Each structure stands twice: as structure tokens, then as C-alpha cells.
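Survey of secondary and tertiary structure
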Amino acid sequence: MGDTEKKVKLIDSDGRRNDGRMPHELRPVKIEAGVLHRADGSAYVEWGGNKVLAAVYGPREAHPRHLQKPTRALVQCRYNMAPFSVSDRKRPGPDRRSNEISKVISEAFSSVIFLEQFPRTSVDVYMEVLQAEAGTRCAAITAASVAIADAGVPMRDLVVGCASGKVGGVVCLDLNKDEDNFGEADVPMAVVPRTGEIVLLQMDGHLKPEEFDQAMAYSLKAAEQINELQKDALRRRYSVSLDEFRAVQPPAPEPEEEPKYDVYHEDQPGVVE
Ligand code: CDP
């Protein structure tokens, strides 16, 4: 740790972090499904200062064709950071970091999508980071997962991304930018909530085994919370309010006119209606 890092106070005397959170607390997360009309499925996630858009196409014929697999679908992911997403303008286009993130995210989704149902096709997943503030790969996985579900691609469960790390000697959930820059470790992961299966796990820095266990426990617990937000976003996307339901219903047919019969009144034999 360098001199600058020593000067940054990340945990104060009452155990709070520099953004006021306790070690086990997440940043605010908002998820919306179906935000783009051209894509087969889409989602938008705001997670602390991160803003990520995900769009999904497919399963569709895989291109380039030589990549096609005769027995299953491919999952082709592209994680991209907009040039304006970070404080110093990021050079547009892929780089080593974004290629690596795209690869590990593709592998994560390949283990949950029912690929064998769609031979020779590709599920194309685009993740655009519009604003970055640490934890973008987790926000991108979380958004992409909702977008894949929105596209109707069959998969075993949604996937949730979440990270924990170590800051000022304390294990903390969901590191912010300063914590990511000046903390001791960051462990992003992706989990399948229904089975608890880990489909992505990376680590930057060092943790003792007991710290690693604590970090995993924080992330797994937070993943349940985030999974609820994902499901809620999908429910909101597909539930129709009564007003919307009425608006799309064809107008009720006019009641048919009753056939007219003569009514004979027994008590008034002369009166026929
Ligand atoms: O975003 P994530 O934590 O998944 O990945 P990272 O490589 O650990 O990057 C941490 C943070 O550094 C990003 O979220 C961005 O805020 C920032 N960053 C940056 O400012 N410029 C880059 N070229 C890459 C990352």
C-alpha cells in the first residue's frame, strides 16, 4: 500500500464506511426490464453510481458461421465501457480488461442457459456501462441476466453478480470507487440463487481464509436481495394494470336488440304490448 493509500480513511471510528454504509450494506440498487424496443430483451441497472444497460438478441443464427456449434448454442457477451463512463475519458473500443470481463460473463451464462435446445445459434448479450463507479461487472451480469429472461431465453435461473472485499482491514460488501482503489481486496462473483452455484469468481488482492468466507457470506446474502429486485423488475414488466388491460381490450359489443314479442296480459285481456 502506497503513501496516498495510507492517507485515505476508509472506515471511521464507529465502523462506518466513507459513504456512510456499515460493512454488510449494499449500495442502492434499481432494476428495470424491457427498456429497449429493438432488442429481444433488455434491462437497465443503477447500482450506486453505476449505470448499465443490457440488450439481448437470440437465440439467432450464429455469426461468424465457423463458430457455430452443431449441438448447442453459443453465448457471445460484449461488456463495453462508454468513453464518458469514467472520470478520465476511456479510449473507445475493446481492451484487455473488457475482453476478459466479456469472456468470464459468457462462461457464467453458458452454465445456466439451456444451450442444447438451440444448436447452431447464438445468444448475443451486450452490456454497456454508461457510468462506472466500481462493481460494473457485477452490475452488468445482473442487468444481462434480466435482459436474457426478458428475451424469453430458457435458463435454469437468473444469475446475480455481487462483490465483497476488504477495506481498512475490514471485510465489506459491495465496494465503492474509493474502496476499490485503496482497499486491500475485491472479490466479484456471480451466483445462481436457486442452487447457490457460483458461476463466476475472481479475486483482486489478498484475503485470509476466514476473511474470504466472510466476503462470500456477505455476497451470497446480498445476492438474495438483488435477486428479489430482478424478479420484481420482470414482474413489473409483464404485469398489466387494469387500466392498461382495458386499453388493449377490444370494445365490448353493443348489446343486441331484444326481439319484440307481443305480451298478453291475462288480467287485462284487451291490452297487448
Ligand atoms: O468495475 P469493476 O469493479 O467490475 O472492475 P475493475 O476493473 O475492478 O474497475 C473498478 C473501477 O475502476 C470501475 O468500476 C471504474 O469505476 C474504474 N475504471 C476506470 O476508471 N477506468 C477504466 N479504464 C477501468 C475502470
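Refer to the structure printed above.
Presented here is an overview of the structure given in this document. For every chain, the first residue of the written sequence is number 1, and numbering continues from 1 onward in sequence order. In keeping with the predicted nature of the model, local features appear solely for residues at pLDDT of at least 70, side-chain atom pairs appear and are counted solely at 80 or more, and the whole-chain, interface and lining totals rest on all residues. As a rule here, side-chain values cover all heavy atoms of the structure and leave hydrogens and water aside.

**Quick look at the nonpolar core**
For the purposes of this section, nonpolar cores are sets of buried Ala, Val, Leu, Ile, Met, Phe, Trp, Tyr and Cys residues that join through side-chain atoms within 4.5 Å. Residue burial is assigned from relative accessible area. The probe radius is 1.4 Å, only protein chains are included, and a residue is buried under 20% of its type maximum, exposed over 50%, and partly exposed in between. Ranked by size, the top nonpolar core spans 63 residues in total, and within it Trp 47, Ile 105, Phe 109, Ile 113, Val 125, Met 127 and Ile 148 carry the most contacts. Strands here mean DSSP runs of E at least two residues long; helices mean DSSP runs of H or I at least four residues long; both are numbered from the N terminus. Counting residues per element, this core draws most heavily on helix H3 (residues 136-150), which supplies nine residues. Setting aside chain neighbours within four positions, we find Ile 105 in contact with Cys 77, Met 127, Arg 137, Ala 140, Ile 141 and Leu 200. In terms of nonpolar packing, the next biggest core, distinct from the first, is built from six residues, Leu 10, Cys 172, Leu 175 and Phe 182 among them. In this analysis, two residues are considered to be in contact whenever any of their non-hydrogen atoms come within 4.5 Å of each other.

**Comments concerning the packing of helix H2 (residues 96-110) against H3**
Angular values range over 0 to 180 degrees, each being the angle between N-to-C directions of two axes fitted as lines to C-alpha atoms, with helices fitted over their stretch in contact. Two numbers describe how H2 lies on H3: the axes approach to 11 Å, and their chain directions differ by 45 degrees. When the interaxial angle is binned, H2 and H3 end up oblique. Judged by the twist between their axes, the crossing of H2 over H3 is right-handed. On the side of H2, the interface is formed by Arg 97, Glu 100, Ile 101, Ile 105 and Phe 109, while H3 contributes Thr 136, Arg 137, Ala 140, Ile 141, Ala 144, Ser 145 and Ile 148. Just so you know the grouping, Ala, Val, Leu, Ile, Met, Phe, Trp, Tyr, Cys and Pro go in nonpolar, Asp, Glu, Lys and Arg go in charged, and all remaining residues, Gly too, go in polar. Across the contact of H2 with H3, the residue classes break down as seven nonpolar, two polar and three charged. Throughout, the term roughly parallel applies to angles under 35 degrees, roughly antiparallel to angles over 145, roughly perpendicular to angles from 65 to 115, and oblique to all others. Here a crossing is called left-handed whenever its near helix is offset anticlockwise from the far helix by less than a right angle, and right-handed whenever the offset is clockwise.

**A short note on a nonpolar patch on the surface**
Patches draw on residues past 30% relative accessible area with no salt bridge. Two like charges within 9 Å are joined, as are two nonpolar side chains (Val, Leu, Ile, Met, Phe, Trp, Tyr) within 5 Å. Reported accessibility uses the Shrake-Rupley method at a 1.4 Å probe radius. Residues are deemed covered only where the shown protein chains occlude them. Here a salt bridge means any side-chain nitrogen of Lys or Arg lying within 4 Å of a carboxyl oxygen belonging to Asp or Glu. Taken together, the side chains of Ile 198, Leu 201 and Leu 220 define a hydrophobic patch exposed on the protein surface, amounting to about 220 Å² of accessible area. The class for Ile 198 is partly exposed, based on a relative accessible area of 34%.

**Considerations on the sheet that holds strand S2 (residues 41-47)**
Within the open sheet, the five strands sit side by side as S1-S2-S3-S5-S4. Their pairing is mixed. Bordering the open sheet on either side are strand S1 (29-33) and strand S4 (74-81), each of which pairs with just one other strand. Between one strand and the next, the sheet's axes are offset by a mean angle of 15 degrees, whatever the strand orientation. As paired strands, S4 and strand S5 (residues 121-131) are joined by eight bridges and run parallel to one another. What makes two strands pair is DSSP finding at least two bridges between them.

**Regarding the pattern of salt bridges**
Evaluated as defined, the whole model comprises 18 salt bridges. As a salt-bridge pair, Asp 19 and Arg 21 come within 2.9 Å of each other at their nearest N and O atoms. Owing to a relative accessible area of 7%, Arg 21 belongs among the buried residues under this scheme. The residue Glu 107 makes a salt bridge to Lys 103 at a minimum N-O spacing of 2.7 Å.

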